[in-house]
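Report on the structure
Spelled out, the chains give:
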Amino acid sequence: MALNFIVLLFGTFAGGMLVYWVKFKADDLRLPLIFAGTFLFSITVIHILPELFTVSDRPVRMGIFVLIGFFLQQFLEAFTSGVEHGHFHKEHATPGRTAGLMIALIVHSVLEGSLLTHGSHFHHHHESHFHDHESYSLLLGILFHKIPAAFALMAVIKTGTRPRVLEVVLLLIFSLASPMGILISNVFLSLSQETLLILFGVVSGSFLHISTTIFVESSPNHRLGLKRTIVSVVAATLAIAVEVLA
């Protein structure tokens, strides 16, 4: 758990701080986002969903929670306008809009961090456990998603009139959200295994929404771009390799 906490915290924070060190255009995020989206989608399909539907004795009910997570993410994006998959809009730099943006991102981040909780009894029912050394693929999937999200968040915040120290504090709060999800889910773990299963279903639905949205938005004209295809194949191959070899 400590490794996941540290990697998510510092990886996300570093991704956001890149805004101050790198000159960029909105299009510069396209290929990194495609890579992150493909990796996240692949891990959801080959790791999270098989685990959930193998462990659950009510697969239809679990599928409903996956759908709930999908539509919950759509609701959250009414407040984030897609920052979690690389969008940044200057109108969110106003204090009121930034507050809503931060709250929605924190809710999403806490939920996704919960997937990295350890010690659950239901993990022992399936060979591709979520915990310890076998969770590296999931950790990487979340990290690859968090880095461009943090970058986009800071691109929004940086366009406002806040002092630099406040911008960094907001980034630190966002960076802490997923690690806090790990701690919070461990608290829930001692209360209800069923609650944790439901939580995992909801988060996997959220991941499906984010990753498929990245795919759609990366090719608005529905063209088969060579760079886009290569990046997607590499990301999917890496996800499979990490999952199999971990």
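Quick caveat: nothing in here was measured; it's all calculated off a predicted structure.

About the cut-offs
Residues numbered from 1 in each chain as written. Predicted model: local features only at pLDDT ≥ 70, side-chain atom pairs only at ≥ 80, totals over all residues. Heavy atoms only, no water. Helix = DSSP H or I, 4+ residues; strand = E, 2+ residues; numbered from the N terminus. Buried < 20%, exposed > 50% of the residue type's maximum accessible area, 1.4 Å probe, protein only. Areas by Shrake-Rupley, 256 points an atom, 1.4 Å probe, with all protein chains shown as cover. Polar contact = N/O pair within 3.5 Å; in protein donor to acceptor, adjacent residues only side chain to side chain. Contact = heavy atoms within 4.5 Å. Salt bridge = Lys/Arg side-chain N within 4 Å of Asp/Glu carboxyl O. Axes fitted to C-alpha atoms, helices over the stretch in contact; angles between N-to-C directions. Parallel < 35°, antiparallel > 145°, perpendicular 65-115°, else oblique. Left-handed = near helix turned anticlockwise from the far one by under 90°. Nonpolar A, V, L, I, M, F, W, Y, C, P; charged D, E, K, R; others polar. Phe/Tyr/Trp six-rings, centres within 6.5 Å; stacked < 30°, edge-to-face > 60°. Patch = residues over 30% accessible without salt bridge, like charges linked within 9 Å, V, L, I, M, F, W, Y side chains within 5 Å.

1. Re the overall build of the protein
In terms of regular secondary structure, the protein is built from eight helices and zero strands. Expressed as a percentage of the 246 residues in the protein, the buried residues total 51%. Surface exposure of the protein reaches about 11400 Å², of which carbon and sulfur atoms provide 72%.

2. Looking at the side chain of Thr-12
Turning to its location among the elements, Thr-12 is positioned in helix H1 (residues 2-21). The exposure class of Thr-12 is buried, given its relative accessible area of 1%. A polar contact of 2.7 Å, which involves the side chain of Thr-12, links it to the backbone oxygen of Leu-8. In contact with Thr-12, not counting residues within four places along its chain, are Val-7, Leu-143, Lys-146, Ala-150, Leu-171, Phe-174 and Ser-175.

3. Observations regarding the pattern of salt bridges
Enumeration according to the criterion identifies two salt bridges in this entry. Note that Glu-112 and Lys-146 form a salt bridge whose closest N and O atoms lie 3.2 Å from each other. Placement of Glu-112 in helix H4 (residues 95-113) and of Lys-146 in helix H5 (residues 136-158) is noted, with a sequence separation of 34 residues between them. In this structure, Glu-112 and Lys-146 share a single accessibility class: buried.

4. Here's the deal with the side chain of His-108
Along the chain, His-108 turns up in helix H4. The class for His-108 is buried, based on a relative accessible area of 4%. Within polar-contact distance, the side chain of His-108 engages the side chain of His-145 at 3.1 Å. Discounting residues that sit within four places of it in the chain, His-108 has contacts with Gln-73, Leu-76, His-145, Ser-206 and Ile-210.

5. With respect to the packing of H1 against H5
Where H1 meets H5, the closest approach of the two axes is 7 Å, and the angle between their N-to-C directions is 30°. As judged from the angle between their axes, H1 and H5 are roughly parallel. Judged by the twist between their axes, the crossing of H1 over H5 is right-handed. Contacts between H1 and H5 involve Leu-3, Asn-4, Val-7, Leu-8, Gly-11, Thr-12, Gly-15, Gly-16, Leu-18, Val-19 and Tyr-20 on the former and, on the latter, Tyr-136, Leu-139, Ile-142, Leu-143, Lys-146, Ile-147, Ala-150, Phe-151, Met-154, Ala-155 and Lys-158. For the contact of H1 with H5, a count of residues per class yields 15 nonpolar, five polar and two charged.

6. So, the packing of aromatic side chains
One pass over the structure, following the stated rule, counts four aromatic pairs. Ring centres of Phe-35 and Phe-144 lie 5.3 Å apart, and the angle between their planes is 65°; on these two criteria the pair is classed as edge-to-face. With a gap of 109 residues between them, Phe-35 in helix H2 (residues 30-55) and Phe-144 in helix H5 connect regions that are remote in the sequence. Residue classification places Phe-35 among the partly exposed positions, given a relative accessible area of 22%. Judged by its relative accessible area of 22%, Phe-144 is partly exposed. Aromatic side chains Phe-39 and Phe-144 sit 4.9 Å apart centroid to centroid with 80° between the ring planes, which places their arrangement in the edge-to-face category. Here the residue Phe-39 occupies a position in helix H2, and Phe-144 occupies one in helix H5, the gap between them amounting to 105 residues. Members of the aromatic cluster, each reached through a chain of ring pairs, are Phe-35, Phe-39 and Phe-144.

7. Some remarks on a nonpolar patch on the surface
Taken together, the side chains of Val-45, Ile-46, Ile-240, Val-244 and Leu-245 make up a nonpolar region of the molecular surface, amounting to roughly 470 Å² of accessible area. Secondary structure elements with two or more residues in the nonpolar patch: H2 and helix H8 (226-245). A per-element tally of the nonpolar patch places H8 first, with three residues. Along the chain, Val-45 falls in helix H2.

8. Observations regarding the packing of H2 against helix H3 (residues 59-80)
Closest axis-to-axis distance for the H2/H3 pair is 8 Å, and the angle between their directions is 145°. The way H2 lies across H3 gives a crossing that is right-handed. Of the residues in H3, those touching H2 at Leu-49, Leu-52 and Phe-53 are Pro-59, Met-62, Gly-63 and Val-66. Of the residues contributing to the contact of H2 with H3, the split by class is six nonpolar, one polar and no charged.

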